[in-house]
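So you can see what is in the structure, the chains are spelled out below.
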Amino acid sequence: MRKESRTACMLWAVGISLLAVGPLWSQNGFRGISTTSDGRIRAGLSPDHALDLLAILTHPQCRKELGVVDAQLEVIEKTKAKHSEETKVLIESSGGIQNAPLKPLLMAQMDELKSVIEEVFTYSQLQRARQLAYQIEIARVGVPYAISYGCLSDAVGVHENQRHSLLQVAEKIAEEAEVEISKIRAAAQAQILEHLVPEQREKAKVLIGKPFAYNEFALNLEQARVQFAKNASPKQ
């Protein structure tokens, strides 16, 4: 990519970031975990958000699942390049990013991008992409939180008075399932180690040590809660 193109894309990305609500950080090419004003964790990708949908459609793993072809991506890249140039021109003509009335332009660009996505990709690809969005949320924070407080819960129509009790029940079920899953993991690990010679097997056991429940879900949630508390605290 030429330097001019990189600069234009960077300016567009900076502008787009102004539309984001809550703290965001990149995670495997997807929009990161965020928190809403009421403290709820947003770990999912909203299929109704053009950038989130685009992230799924263009992600290498998802592309394979969806059957996305290069010709479809070329149209998207042309649209993004056009938006980047529009953003660059507006910023330069306004004397800098601080003075540029970016929001109206970016909102219009998001509407155009959504229309292009709907034209370029097939109905079945878009429907499957929506399913992947919720599966990605589940992969990040687990079924209990996704179905109780996440984007999935909103799409399902979970009511506010359901959320707390649903989360408690779901977490109990998930914890019971995790006990069985841990047993399966331990049995599989032991079976794998059996393919080593005795000396190697014993060394591996010492190096690995006793089981440790590394919980990616809990880590993601804790990071988001800490970030939310930090942003909510009064500025000095």
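Definitions and cut-offs
Residues numbered from 1 in each chain as written. Predicted model: local features only at pLDDT ≥ 70, side-chain atom pairs only at ≥ 80, totals over all residues. Heavy atoms only, no water. Helix = DSSP H or I, 4+ residues; strand = E, 2+ residues; numbered from the N terminus. Buried < 20%, exposed > 50% of the residue type's maximum accessible area, 1.4 Å probe, protein only. Contact = heavy atoms within 4.5 Å. Areas by Shrake-Rupley, 256 points an atom, 1.4 Å probe, with all protein chains shown as cover. Axes fitted to C-alpha atoms, helices over the stretch in contact; angles between N-to-C directions. Parallel < 35°, antiparallel > 145°, perpendicular 65-115°, else oblique. Left-handed = near helix turned anticlockwise from the far one by under 90°. Nonpolar A, V, L, I, M, F, W, Y, C, P; charged D, E, K, R; others polar. Core = buried A, V, L, I, M, F, W, Y, C linked by side-chain atoms within 4.5 Å. Salt bridge = Lys/Arg side-chain N within 4 Å of Asp/Glu carboxyl O.

*Asks:* How do you make sense of the overall build of the protein when you look at a structure like this?
*Replies:* Each helix and strand counted, the protein has ten helices and two strands in total. Listing every helix and strand of the protein by position from the N terminus yields α-β-β-α-α-α-α-α-α-α-α-α. Buried positions account for 35% of the 236 residues belonging to the protein. Counted over contacts in the protein with a minimum sequence separation of 6, partners at least 24 positions apart contribute 59%. On the protein, roughly 15100 Å² of surface is accessible, and the fraction owed to carbon and sulfur atoms is 58%.

*Asks:* Is there a simple way to explain the packing of helix α6 (residues 123-148) against helix α8 (residues 160-193) in this structure?
*Replies:* Packed helices, taken two at a time, are described by their axes: the angle between them and the distance between them. Interaxial distance between α6 and α8 falls to 8 Å at its minimum, and their mutual angle equals 165 degrees. As judged from the angle between their axes, α6 and α8 are roughly antiparallel. You can see that α6 and α8 cross each other, and the crossing is right-handed. Facing α6, whose interface residues are Pro 144, Tyr 145, Ile 147 and Ser 148, α8 presents Arg 163, Leu 166, Leu 167, Ala 170, Glu 171 and Ala 174. In terms of residue class, the contact of α6 with α8 is built from seven nonpolar, one polar and two charged.

*Asks:* How should the nonpolar core be read in this particular structure?
*Replies:* Note on soluble globular proteins: their nonpolar side chains tend to be buried together. Counting residues in hydrophobic clusters, the biggest one holds 22 residues, and the most contacted among them are Ile 56, Leu 57, Leu 66, Ile 117 and Phe 121. Every element with two or more residues in this core is listed here: α2 (50-58), α3 (60-66), α4 (70-93), α5 (102-120) and α6. Contacts of Leu 57, omitting those with residues within four sequence positions, involve Arg 63, Leu 66, Val 68, Leu 73, Ile 117, Phe 121, Leu 126 and Ala 129. Core analysis: the next-biggest nonpolar cluster, separate from the first, contains eight residues, Val 141, Tyr 145, Tyr 149 and Leu 152 among them.

*Asks:* Explain the environment of Leu 66 to me, please; I cannot follow it from the model alone.
*Replies:* By the secondary structure assignment, Leu 66 is in helix α3. Not counting residues within four places of it along the chain, the set of residues in contact with Leu 66 comprises Ile 56, Leu 57, Gln 125, Arg 128, Ala 129 and Leu 132.

*Asks:* Whenever I open this one, the pattern of salt bridges confuses me. Can you help?
*Replies:* Close approach of charged atoms allows side chains of opposite charge to pair. Taken as a whole and judged by the stated rule, the model has 13 salt bridges. With its nearest N and O atoms 3.2 Å apart, the salt bridge here joins Arg 130 to Asp 48. Note that Arg 130 is positioned in helix α6 and Asp 48 in the loop between β2 (41-42) and α2, a separation of 82 residues in sequence. Judged by its relative accessible area of 28%, Arg 130 is partly exposed. Residue class for Asp 48 comes out partly exposed when judged on its relative accessible area of 48%. Here Glu 77 ties to Lys 80 by a salt bridge, and the two come within 3.6 Å at their closest N and O atoms. Of this pair, Glu 77 and Lys 80 are both found in helix α4, three residues apart, which corresponds to roughly one turn of the helix. Residue class for Lys 80 comes out partly exposed when judged on its relative accessible area of 24%. Three or more residues are tied together by salt bridges with common partners; here these are Lys 82, Glu 86 and Glu 112.

Limitation: the analysis is restricted to geometry and does not speak to function.
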